[in-house]
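Overview (structure and organization)
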Amino acid sequence: MATKYDYKQLDVYIESKKLVKMVYELLRKFPKEEQYALCDQLRRAVISVPSNIAEGLGRYSIKEQVHFLEIAYGSLREVDCQMDIASDLGYVTNMETAELFEEINKVGAILAGMRNKRVNTPNPNSLPLTTNP
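What this report covers is the structure whose coordinates are included nearby. All values derive from a computational prediction rather than experimental measurement.

1. Comments concerning the packing of helix H2 (residues 38-57) against helix H3 (residues 62-88)
Running from N to C, H2 and H3 point in directions that differ by 160°, and their axes come no closer than 8 Å. In terms of axis orientation, H2 runs roughly antiparallel to H3. H3 is crossed by H2, and the crossing has left-handed handedness. Along the contact surface, H2 presents Leu 38, Gln 41, Leu 42, Ala 45, Val 46, Ser 48, Val 49, Asn 52, Ile 53, Glu 55, Gly 56 and Leu 57, while H3 presents Gln 65, Phe 68, Ile 71, Ala 72, Ser 75, Leu 76, Glu 78, Val 79, Gln 82, Met 83 and Ala 86.

Take a look at the structure:
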């Protein structure tokens, strides 16, 4: 049963899981020699996004929530960078990554909004978890 504090119902978590699937699908196109280098790093970075969202939103302290949202955002930027490099190396095309980069920006905007809302809330104890940034 989902409660209002269930991170699995939040847009940011749902969208970050969508991003994981997108990256994993693109990784199938990478050359075998990248399976233990760039692919491995990309897998770790993209999995870190929803994982840190879940961990952070499981914390009661606003400071801790913000910390984990910032880690998720950093991992998201890492995915962005690594996919940009993969594109430069010719492992994926711009057409294949266009939707992925849109999803990265979408998740990033939601994360930034959630972080800012928590940082700028005068009474953080009254802050409900919502899907709105």
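2. Here we look at the environment of Leu 111
Relative to the helices and strands, Leu 111 is located in helix H4 (residues 94-119). Residue Leu 111 is classed as buried on the basis of its relative accessible area of 1%. Sequence separation between Leu 111 and Ser 16 is 95 residues; the distance between their C-alpha atoms is 10.0 Å. Excluding its chain neighbours within four sequence positions, the residues that come into contact with Leu 111 are Val 12, Ile 53, Leu 69, Ala 72, Tyr 73 and Leu 76.

3. A closer look at the packing of aromatic side chains
Summed over all chains, the structure comprises 2 aromatic pairs. Ring centres of Tyr 7 and Tyr 13 lie 4.9 Å apart, and the angle between their planes is 85°; on these two criteria the pair is classed as edge-to-face. Under the relative-accessibility criterion, Tyr 13 is labelled buried at 13%. Taking the centre distance of 5.4 Å and the plane angle of 50° together, the rings of Phe 30 and Tyr 91 count as tilted. Placement of the pair is Phe 30 in the loop between helix H1 (11-27) and H2 and Tyr 91 in the loop between H3 and H4, with a sequence separation of 61 residues. You can call Phe 30 buried: its relative accessible area is 5%. On the basis of relative accessibility, which here comes to 18%, the residue Tyr 91 falls in the buried class.

Thresholds applied
Residues numbered from 1 in each chain as written. Predicted model: local features only at pLDDT ≥ 70, side-chain atom pairs only at ≥ 80, totals over all residues. Heavy atoms only, no water. Axes fitted to C-alpha atoms, helices over the stretch in contact; angles between N-to-C directions. Helix = DSSP H or I, 4+ residues; strand = E, 2+ residues; numbered from the N terminus. Parallel < 35°, antiparallel > 145°, perpendicular 65-115°, else oblique. Left-handed = near helix turned anticlockwise from the far one by under 90°. Contact = heavy atoms within 4.5 Å. Buried < 20%, exposed > 50% of the residue type's maximum accessible area, 1.4 Å probe, protein only. Phe/Tyr/Trp six-rings, centres within 6.5 Å; stacked < 30°, edge-to-face > 60°.

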